[in-house]
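Structure at a glance
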Amino acid sequence: MKDQPKRSPELAEIDPERRRLLLGASALPLAAGAGLSLAPARAKAALKTSARIVIAGSGLAGVAAANRLARELDGARITIVDRKEIHNYQPGYTLVATGVWPVEKVSDRNVDLIPPGVEWVREMVAEFDAEKNAVVTDGGRRIEYDYLVVATGLHMDFGLIEGMDVAAIGRNGLTSVYPSPQAAQATWQAMDTFRQKGGKALMTLPSTPLKCAGAPLKMTFMLVDRLRQAGTRDQSQVSFHSALDNIFSVPRINQEVLERWKKLDVPVHFLSKLVAVDIGARRATFASPEGERTQHDYDFIHVVPPMRAPDSVKNSPLSWKEGPFTAGGWLEVDKETLRHRRFPNVFGIGDINGTGKGKTAATVKKSTPLVVQNLIDVIAGREPSQRFDGYTSCPLLVREGAALLIEFDYENRLVPSLPAIDPLQDSYFAWVMKIRLLKPAYMAVAKGRV
Ligand SMILES: Cc1cc2nc3c(=O)[nH]c(=O)nc-3n(C[C@H](O)[C@H](O)[C@H](O)COP(=O)(O)OP(=O)(O)OC[C@H]3O[C@@H](n4cnc5c(N)ncnc54)[C@H](O)[C@@H]3O)c2cc1C
């Protein structure tokens with residue numbers, strides 16, 4: 001392959017013995033590369049307890065915690081609260097939105113993931129009454145607990161973009177991979193239509209923390225590739241507007257992607273925030289931090305919404321009250337133990353956590369066993385024994401048949417779990433892993449098996 005980037009210097013520091021062992025790895029443990037190894041969890045003796053545990057949210061973090069707690073505790077009363085019946089495999093959305101997967105592959109039933117013996121309350125938590133150790137549902141039910149796990153995920157604030165209408169995604173060149181499987185499917189239909197003739201495409205990035213911050217970058221790489229395949233790249237301009245002064249928080253990845261986009265002729269406008277979209281006129285408005293507005297016409301736009309905590313958490317005693325996570329209302333947890341900093345019987349897992357990194361399924365995979373063990377420690381009267389390093393990962397699709405397997409921690413260090421795969425080099429294995437291995441690995445995490 002031409003123009004292959006050189007092997008990253010970070011990898012040169014990896015112990016040669018570890019590299020040799022990993023070079024012999026088979027396809028199955030490849031999923032470990034995205035923090036989604038399929039190795040089964042070791043059986044432990046269950047701790048006897050009559051503790052009442054409430055889990056708010058039945059996404060990946062909620063069901064993974066429920067399955068582990070149900071197995072590792074004997075006698076606990078576990079209740080999971082969430083109205084959602086369909087469990088969506090969100091990491092598959094980028095595959096649906098770029099024409100790689102059919103939409104049917106990303107939806108499963110929550111009833112198949114919630115373990116027997118765990119009570120499922122099909123309502124939403126409307127209020128966290130943390131001082132009184134209770135949650136109140138939107139149906140008016142008050143559920144008291146001894147321990148609480150907050151796993152509500154996050155809220156996508158499309159409403160902050162004037163004129164934006166999620167129901168209109170797929171028409172008039174309006175797209176977004178984020179909100180749902182249906183939006184991802186409609187995004188692919190719009191991308192497929194756009195690539196027939198080409199034209200002007202605008203890709204966007206907000207300033208808030210994001211779930212899978214690699215997704216806006218994947219969408220850009222894959223759009224360029226789909227245009228190239230259709231023979232319309234030369235008739236097209238693809239540009240990227242970031243509300244920040246970067247496009248990715250990890251400096252080494254940021255630099256790598258910017259270099260690649262330079263070669264692919266994707267100009268980047270920094271500090272340019274999408275604030276309004278006129279869907280009928282196909283015109284987007286961007287604002288600088290000083291409030292200066294510019295308008296751009298488009299044929300295709302990819303909208304990435306600002307993200308924050310759901311209102312129930314944001315407006316509760318559990319959210320950060322000072323510091324950088326306050327505006328988004330994120331859950332105030334200690335970044336290492338993932339235990340609440342003011343309510344010691346509360347823990348957080350997944351996208352809701354107000355920590356510097358970690359809004360990916362791979363983060364949930366790595367952190368759930370640690371949180372569950374820390375919770376068990378607390379139930380047993382001990383201090384939490386486990387520490388989370390901020391592990392975050394996402395296979396960054398760069399074209400059909402190639403991805404970068406990027407993994408990093410709180411300190412922005414690249415932490416490849418399979419050093420045989422250079423995170424800065426196009427990898428066919430990373431692509432195969434993304435399209436074949438990660439969904440089964442995700443389901444194993446959801447069932448608490450790994
Ligand atoms: C487009 C896209 C691409 C992605 N790509 C990747 C990838 O390549 N790799 C990767 O590792 N990760 C990826 N992710 C991220 C990953 O899917 C999420 O980080 C993960 O699903 C988070 O799990 P969670 O349980 O915290 O939140 P979710 O899975 O979102 O679940 C939250 C649950 O909480 C419920 N809830 C909300 N409010 C309340 C309330 N008040 N009361 C009760 N329940 C409530 C919701 O109904 C929902 O069921 C991607 C995500 C998207 C959207």
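This one's a predicted model, so the numbers in the text were calculated from it and none came from an experiment.

**Some words on the overall build of the protein chain**
When helices and strands are counted, the protein chain shows 10 helices and 24 strands. On C-alpha atoms alone, the protein chain measures out to a radius of gyration of 22 Å, which is about the 22 Å that the 2.2 N^0.38 rule sets for 450 residues. The dimensions of the protein chain, computed from C-alpha atoms along their principal axes, are 65 × 55 × 40 Å.

**Description of helix H3 (residues 60-72)**
Between its first and last C-alpha, H3 extends 18 Å over 13 residues, near the 18 Å set by a 1.5 Å rise per residue. Burial analysis of H3 places 12 of its 13 residues in the buried class, the great majority of the element. For H3, every residue scored as buried is listed here: Leu60, Ala61, Gly62, Val63, Ala64, Ala65, Ala66, Asn67, Arg68, Leu69, Ala70 and Glu72.

**A look at the sheet that holds strand E2 (residues 52-56)**
The strand order across the open sheet formed by 5 strands is E7-E4-E2-E11-E22, and the pairing between neighbours is parallel. Pairing within the sheet leaves two strands with one partner each, and these edge strands are strand E7 (119-121) and strand E22 (346-348). Put simply, the sheet's adjacent strands are angled 20 degrees from each other on average, direction ignored. Direction of pairing for E2 relative to strand E11 (residues 147-150): parallel, over a ladder of 4 bridges. Paired with Ile53 across the bridge in E11 is Tyr147. Relative to the sheet, H3 contacts E2, strand E4 (77-81) and E11, its axis offset from that of E4 by approximately 170 degrees.

**Side note on the site of the ligand**
Among the 36 residues in the neighbourhood of the ligand, the closest are listed as Gly57, Gly59, Gln90, Gly153 and Gly350. A class-by-class count of the residues in the shell around the ligand yields 19 nonpolar, 12 polar and 5 charged.

**Description of the confidence of the model for the protein chain**
Detailed reading of the predicted coordinates is not advisable wherever pLDDT falls low. When pLDDT is averaged along the protein chain, the result is 92; 90% of the residues meet or exceed 70. The low-confidence segment residues 1-30, where pLDDT is below 50, has 35 contacts with residues more than four positions distant or belonging to other chains.

**Quick notes on the packing of H3 against helix H9 (residues 361-379)**
Direction vectors running N to C along H3 and H9 enclose 35 degrees, while the axes themselves pass 10 Å from each other. By crossing handedness, the relation of H3 to H9 is classed as right-handed. Facing Leu60, Ala61, Ala64, Ala65, Arg68, Leu69 and Glu72 of H3, the residues of H9 in contact are Ala361, Val364, Thr368, Pro369, Val371, Val372 and Ile376. Its residues assigned to classes, the contact of H3 with H9 shows 11 nonpolar, 1 polar and 2 charged.

**Some points on the domain arrangement of the protein chain**
As a measure of interface size, the accessible area lost when the parts come together is often cited. Assigned domains within the protein chain: domain 1 (1-35 + 392-438), domain 2 (47-154 + 309-379) and domain 3 (158-304). Just the C-alpha atoms count here: the centres of domain 2 and domain 3 sit 30 Å apart. The partner domain 3 presents 18 residues to the 16 residues of domain 2 that form the contact. Of all the elements, helix H4 (residues 93-97) adds the most residues to the side of domain 2 that touches domain 3, at 4 residues. Looking at the side of domain 2 that touches domain 3 residue by residue, the classes come out as 7 nonpolar, 7 polar and 2 charged.

**Points about the sheet that holds strand E17 (residues 273-278)**
The antiparallel open sheet is built from 3 strands, whose spatial order is E17-E18-E19. Single-partner strands in this sheet number two, and they are E17 and strand E19 (293-297). Strand-to-strand twist of the sheet, defined as the mean angle between neighbouring strand axes without regard to direction, takes the value 25 degrees.

**Comments concerning the environment of Val118**
With respect to the secondary-structure elements, Val118 resides in the loop between strand E6 (107-109) and E7. Note on Val118: 19 C-beta atoms within 10 Å, which makes it partly exposed. Remark: the alpha-carbon pair of Val118 and Lys321, spanning 203 residues in sequence, is separated by 33 Å. Ignoring any residue separated from it by four or fewer positions in sequence, one finds Val118 in contact with Ala66, Ala70, Ile78 and Ile80.

**A word on the packing of helix H5 (residues 181-197) against helix H6 (residues 215-230)**
Put simply, H5 and H6 touch, their axes get as near as 8 Å, and they point 45 degrees apart. Our classification of the angle between H5 and H6 gives oblique. The handedness of the crossing between H5 and H6 comes out as right-handed. Two secondary-structure elements touch here, H5 through Met191, Arg195 and Gln196 and H6 through Leu223, Arg226, Leu227 and Ala230. Residues belonging to the contact of H5 with H6 are distributed by class as follows: 4 nonpolar, 1 polar and 2 charged.

**Points about the pairing of E4**
If a strand is regular, its side chains alternate between the two faces of the sheet. The pairing of E2 with E4 spans 5 bridges and is parallel. Bridge pairing in E4 links Val54 to Thr79. In terms of strand pairing, E4 meets E7 through 3 bridges, oriented parallel. Directly across from Ile80, in E7, lies its bridge partner Trp120.

**Brief notes about the pairing of strand E24 (residues 402-408)**
With 6 of 7 residues buried, E24 lies mostly within the body of the structure. With 7 bridges joining them, strand E23 (residues 392-399) and E24 adopt antiparallel strand pairing. Residue pairing across strands places Ser393 opposite Glu407, the latter belonging to E24.

Rules used in this analysis
- Residues numbered from 1 in each chain as written.
- Predicted model: local features only at pLDDT ≥ 70, side-chain atom pairs only at ≥ 80, totals over all residues.
- Helix = DSSP H or I, 4+ residues; strand = E, 2+ residues; numbered from the N terminus.
- Rg over C-alpha atoms; globule rule 2.2 N^0.38 Å.
- Expected span 1.5 Å × (residues − 1).
- Buried ≥ 20, exposed ≤ 12 C-beta atoms within 10 Å, placed from the backbone.
- Pairing = 2+ DSSP bridges.
- Axes fitted to C-alpha atoms, helices over the stretch in contact; angles between N-to-C directions.
- Contact = placed C-beta atoms within 7 Å.
- Near = placed C-beta within 6 Å.
- Nonpolar A, V, L, I, M, F, W, Y, C, P; charged D, E, K, R; others polar.
- pLDDT = per-residue confidence, 0-100.
- Left-handed = near helix turned anticlockwise from the far one by under 90°.
- Domains from an automatic or database assignment.
- Parallel < 35°, antiparallel > 145°, perpendicular 65-115°, else oblique.

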